[in-house]
Amino acid sequence: MVRIEKLRKSFGSHVVLRDVSLDVRAGEVLVIIGASGSGKSTLLRCINMMEVPERGRIFVDGQPMGQHKDDGSFTVFPDRVLNEKRAQIGMVFQSFNLFAHLTVLDNITIGPVTVKKTPPAEARELAMALLEKVGLAEKADSYPSRLSGGQQQRVAIARALAMKPKLMLFDEPTSALDPELVGDVLATMKQLAEEGMTMIVVTHEMGFAREVADRVLFFHQGDMLEEGTPEAIFSNPRHQRTQDFLRRVL
Ligand code: ADP
Ligand code: MG
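Residues numbered from 1 in each chain as written. Chains lettered and ligands numbered in written order. Predicted model: local features only at pLDDT ≥ 70, side-chain atom pairs only at ≥ 80, totals over all residues. Heavy atoms only, no water.

Looking at an unreviewed UniProt entry, one finds the chain named Polar amino acid transport system ATP-binding protein and attributed to Azospirillum rugosum. The chain has a UniProt comment under Sequence similarities (unreviewed entry) that states "Belongs to the ABC transporter superfamily." (UniProt positions renumbered as here; feature names shortened; annotations may be inferred.)

Right under this line is the structure:
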């Protein structure tokens, strides 16, 4: 579902992604862990072209996300093409970024109606089904400010799913939540994983990683240092840096 080849990204002279290569199978749940500043968010943002890579190749479902030149350099597609490609990828951030002036239902229907030209009645039906799924059907007509952070994040997940993505990217989706609200969001993500969604999840929730991840990747200074099954990474990390990181967070 995702193929990344020698992805490089710098900000000024600071190399943030050092020729990262990575494959994610359809239906796989990949959890990325690593210290703050190691490049995890930049990696996710490159996948949907919120950051433009410097060099390398990115394919989602076999299709290139940018124009790959023979010399390894990278240019973005024109907006119309880029938007179609981005529509296949759902992204959920630490901050939920719901539209404050729209109801929960309208937050979910606006993407399908405006971007995918889905008829409004059909978009509403889908939105209600997604709200059922995340356990918030009764909040359809509420405004985001009336919801808890955990509820808002579940709406943000429903909103991303409304675009029928092939791939979901989660960047520390529970980091901004009060501890008692984290569980419901993780349960929603677990359910999505069980339904077969391909997911790349950056998180500090090691319990979630252990339980839900097919593969865990430890990111260090712009590259993956170690990857393996949750069991291998958590119980038997090979690298000293992985051991040090886990000792600090567990
Ligand atoms: P992580 O998500 O692992 O905490 P990030 O991908 O956010 O790491 O950041 C990796 C490095 O890139 C950090 O040193 C950060 O300061 C830097 N960085 C991220 N975005 C930008 C930007 N837009 N401009 C300059 N530096 C950035
Ligand atoms: Mg980050």
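J.: So what about the packing of helix 5 (residues 149–161) against helix 6 (residues 179–194)? Which residues, and what values?
T.: In the contact formed by helix 5 and helix 6, the axes pass within 8 Å of each other and the chain directions differ by 20°. The angle between helix 5 and helix 6 falls in the class roughly parallel. Here the hand of the crossing between helix 5 and helix 6 comes out right-handed. Contact residues: helix 5 offers Gly-149, Gly-150, Gln-153, Arg-154, Ile-157 and Leu-161, while helix 6 offers Leu-181, Asp-184, Val-185, Thr-188, Met-189 and Leu-192. Among the residues making up the contact of helix 5 with helix 6, the classes are represented as six nonpolar, four polar and two charged. (Axes fitted to C-alpha atoms, helices over the stretch in contact; angles between N-to-C directions. Helix = DSSP H or I, 4+ residues; strand = E, 2+ residues; numbered from the N terminus. Parallel < 35°, antiparallel > 145°, perpendicular 65-115°, else oblique. Left-handed = near helix turned anticlockwise from the far one by under 90°. Contact = heavy atoms within 4.5 Å. Nonpolar A, V, L, I, M, F, W, Y, C, P; charged D, E, K, R; others polar.)

J.: Explain the UniProt feature "domain: ABC transporter" (unreviewed entry) in the chain to me, and be specific about the residues and the numbers.
T.: Mapped onto this numbering, the UniProt entry annotates "domain: ABC transporter" (unreviewed entry) at residues 2–246. Counted over residues 2–246, helix gives 37% and strand 27%. Its end C-alpha atoms are 27 Å apart.

J.: Give me the site of ligand 1: which residues, what numbers.
T.: Inspection of the region around ligand 1 gives Phe-11, His-14, Val-16, Ala-35, Ser-36, Gly-37, Ser-38, Gly-39, Lys-40, Ser-41 and Thr-42 as its neighbouring residues. The contact in question runs from an oxygen atom of ligand 1 to an N or O atom on the backbone of Gly-37, over 2.6 Å. Between Lys-40 and ligand 1, the recorded distance is 2.8 Å, taken from a side-chain N or O atom to an oxygen atom. Against a free-state accessible area of 560 Å², the protein chains account for coverage of 61% of ligand 1. Where the shell around ligand 1 is concerned, the elements lending two or more residues are strand 2 (14–24) and helix 1 (40–47). For the shell around ligand 1, the element with the highest residue contribution is helix 1, accounting for three residues. Partitioning the shell around ligand 1 into residue classes produces three nonpolar, seven polar and one charged. (Near = heavy atom within 4 Å. Polar contact = N/O pair within 3.5 Å; in protein donor to acceptor, adjacent residues only side chain to side chain. Areas by Shrake-Rupley, 256 points an atom, 1.4 Å probe, with all protein chains shown as cover.)

J.: Give a detailed account of helix 4 (residues 120–133), specifying residues and quantitative values.
T.: The terminal C-alpha atoms of helix 4 lie 20 Å apart, and with 14 residues this matches the ideal 20 Å at 1.5 Å per residue to within 8%. Listing the buried residues of helix 4 in full gives Ala-123, Ala-127, Leu-130 and Leu-131. Projected onto a plane normal to the axis of helix 4, the buried residues spread over an arc of 100° and lie on a single side. Summarising the geometry of helix 4, the exposed residues directed more than 90 degrees from the buried face are Glu-125 and Glu-132. Along its buried surface, helix 4 packs onto helix 3 (104–114) and helix 5. Immediately beyond the C-terminal end of helix 4, within one or two residues, lies Gly-135, with a positive phi of roughly 75°. (Expected span 1.5 Å × (residues − 1). Buried < 20%, exposed > 50% of the residue type's maximum accessible area, 1.4 Å probe, protein only. Arc of directions from axis to C-beta.)

J.: Lay out the environment of Lys-117 in plain terms, naming residues and giving numbers.
T.: Mapped onto the fold, Lys-117 is located in the loop between helix 3 and helix 4. Each C-alpha atom of the pair Lys-117 and Ala-35 lies 41 Å from the other, and the pair is 82 residues apart in sequence.

J.: I'd like a rundown of the packing of aromatic side chains, residues and numbers included.
T.: This structure, assessed with the given rule, holds one aromatic pair. Plain terms: the ring middles of Phe-218 and Phe-245 are 5.3 Å apart, the flat faces sit at 45° to each other, and that makes the pair tilted. Here Phe-218 is found in strand 11 (residues 215–220), whereas its partner Phe-245 is found in helix 9 (residues 240–249), with 27 residues between them in sequence. Here Phe-245 falls in the buried class, since its relative accessible area comes to 3%. Just above the ring of Phe-99 sits the side chain of Arg-159; from NZ or CZ to the centre is 5.9 Å. (Phe/Tyr/Trp six-rings, centres within 6.5 Å; stacked < 30°, edge-to-face > 60°. Lys NZ or Arg CZ within 6 Å of the ring centre and 35° of its normal.)

J.: Break down the side chain of Ser-10 for me, with residues and values.
T.: Secondary-structure assignment places Ser-10 in strand 1 (residues 2–11). On the basis of relative accessible area, Ser-10 is assigned to the buried category, the value being 16%. Discounting chain neighbours no more than four positions away, the residues touching Ser-10 are Val-15, Val-16 and Glu-54.

J.: An account of the sheet that holds strand 8 (residues 89–92) is requested, with residue identities and associated values reported.
T.: With respect to topology, six strands assemble into an open sheet ordered 8-9-10-3-11-12, the strand pairing being mixed. Sheet topology places strand 8 and strand 12 (223–228) at the edges, where each strand pairs with a single neighbour. Strand-to-strand twist in this sheet, taken as the mean axis angle between neighbours without regard to direction, amounts to 20°. By the bridge criterion, five bridges tie strand 3 (residues 29–34) to strand 11 in an arrangement that is parallel. Its bridge partner being in strand 11, Gly-34 is matched across the sheet by Phe-219. Across the sheet, helix 5 is in contact with strand 8 and strand 9 (167–171); its angle to strand 8 comes to roughly 170°. (Pairing = 2+ DSSP bridges.)

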